[in-house]
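Observations on the three-dimensional arrangement
Read off the chains here:
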Amino acid sequence: MQENKIIEKVAISDQEAQQVLDQIKDIIVETVRCEEKELILSARWKDDLGADSLDMAFVLIAVDKKLDMYVNDQDGWEADSSLRDTCCGIARTLKQTGRL
């Protein structure tokens, strides 16, 4: 029987989330075709940025490549997620790999 792994949700500060957002802003602007000034941590992918699931998938792939890591698509990548949720998920992965 395979044991279920519990993913620990490490707390991420606003400063850490903003640091991640600053690293991936260019990807979001290009892929979602939004203005950089719209990219605030409280912005929601679908409601505020107009991103659909395909846009988000392209952003995820580009972030994977840019940061040279596997981004957990189950941590902050839902259409109703905020950029803070997404950036916290990325920051958690960076922390686990000792890169943040």
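Here is a short report on the structure shown in this document. Along every chain, residues carry numbers that run from 1 in the direction the sequence is written. At least 70 in pLDDT is required for a residue's local features to be given in this predicted model, at least 80 for side-chain atom pairs to be given and counted, and no such filter applies to totals for whole chains, interfaces and linings, which use all residues. Note: side-chain values were computed over all heavy atoms of the structure, leaving out hydrogens and water.

1. Quick notes on a negative patch on the surface
Residues forming no salt bridge and having over 30% relative accessible area are the ones grouped into patches, like charges within 9 Å of each other and nonpolar side chains (Val, Leu, Ile, Met, Phe, Trp, Tyr) within 5 Å. To measure how exposed things are, a 1.4 Å probe is used in the Shrake-Rupley method; for residues, cover is taken only from the protein chains shown. By definition here, a salt bridge exists when the distance from a side-chain nitrogen of Lys or Arg to a carboxyl oxygen of Asp or Glu is within 4 Å. Counted as positive: Lys and Arg. Counted as negative: Asp and Glu. His and the chain ends are not counted at all. Taken as the charge location is NZ of Lys, CZ of Arg, CG of Asp or CD of Glu. Residues Glu 35, Glu 38, Asp 47, Asp 48, Asp 73, Glu 78 and Asp 80 make up a contiguous surface patch of negative charge. Each helix is a run of DSSP H or I of at least 4 residues and each strand a run of E of at least 2, with the numbering of both proceeding from the N terminus. Mapping Asp 47 onto the fold places it in the loop between α1 (14-33) and α2 (53-67).

2. Overview of the nonpolar core
The nonpolar core is taken to be a set of buried Ala, Val, Leu, Ile, Met, Phe, Trp, Tyr and Cys residues, with the residues joined through side-chain atoms within 4.5 Å. Note on exposure labels: buried denotes an accessible area under 20% of the residue type's maximum, exposed denotes more than 50%, and partly exposed covers the range between, all computed with a 1.4 Å probe on protein chains only. Core analysis: the largest hydrophobic core is formed by 29 residues, its most contacted members being Ile 28, Trp 45, Leu 49 and Ile 90. Contributing elements (two or more residues each) for this core: α1, α2 and α3 (83-96). If you tally residues by element for this core, the top one is α1, at seven residues. Every residue pair with non-hydrogen atoms within 4.5 Å of one another is taken to be in contact. What Leu 49 contacts, discounting residues up to four positions off in sequence, is Ile 28, Val 32, Cys 34, Glu 38, Leu 39, Ala 43, Arg 44 and Leu 83.

3. Description of the packing of aromatic side chains
We call Phe, Tyr and Trp rings a pair once their centres come within 6.5 Å, taking the six-membered ring for Trp, and we label the pair stacked below 30 degrees between planes, edge-to-face above 60, and tilted otherwise. Inspection of the entire model under this criterion finds one aromatic pair. For the pair Trp 45 and Trp 77, a centre-to-centre distance of 5.9 Å together with 25° between the ring planes defines the contact as stacked. Residue Trp 45 is located in the loop between α1 and α2, and its partner Trp 77 is located in the loop between α2 and α3; the two are separated by 32 residues in the primary sequence. Neither Trp 45 nor Trp 77 differs from the other in exposure class; each is buried.

4. Considering the packing of α1 against α2
When two helices pack together, you describe them by how their axes are tilted relative to each other and by the distance separating the axes. Here an angle of 0 to 180 degrees is reported between the N-to-C directions of two axes, which are lines fitted to C-alpha atoms, with helices fitted over the stretch in contact. α2 packs onto α1 with a crossing angle of 150° between their chain directions and a minimal axis gap of 9 Å. By the criterion of interaxial angle, the relationship of α1 to α2 is roughly antiparallel. Pair α1 / α2 crosses with right-handed handedness. Contacts from Gln 23, Ile 24, Asp 26, Ile 27, Ile 28, Thr 31, Val 32 and Arg 33 of α1 reach α2 at Asp 55, Phe 58, Val 59, Ala 62, Val 63, Lys 66 and Leu 67. Following the grouping adopted for this structure description, the nonpolar residues are Ala, Val, Leu, Ile, Met, Phe, Trp, Tyr, Cys and Pro, the charged ones are Asp, Glu, Lys and Arg, and the polar ones are all others, Gly among them. When the residues that make up the contact of α1 with α2 are grouped by side-chain class, the tally is nine nonpolar, two polar and four charged. Orientation is classified from the angle alone, with under 35 degrees giving roughly parallel, over 145 giving roughly antiparallel, 65 to 115 giving roughly perpendicular, and any other angle giving oblique. Each crossing gets its handedness from the near helix: less than a right angle anticlockwise from the far helix is left-handed, clockwise is right-handed.

5. Brief notes about the environment of Asp 52
Residue placement: Asp 52 occurs in the loop between α1 and α2. Here Asp 52 falls in the partly exposed class, since its relative accessible area comes to 41%. On a C-alpha basis, the gap between Asp 52 and Val 32 in space is 8.5 Å, while along the polypeptide they are 20 residues apart. Two N or O atoms form a polar contact when they lie within 3.5 Å of each other; inside protein one atom must be a possible hydrogen donor and the other a possible acceptor, and for residues adjacent in sequence the pair counts only when both atoms belong to side chains. A distance of 2.8 Å separates the side chain of Asp 52 from the backbone nitrogen of Asp 55, its partner in a polar contact.

6. Remarks on unusual backbone geometry
Of note, the phi angle at Arg 33 is positive, near 60°, even though the residue is not glycine. In this structure, Arg 33 sits in helix α1. Despite not being glycine, Asp 68 has its phi angle at roughly 50°, a positive value. You can see Asp 68 is positioned in the loop between α2 and α3.

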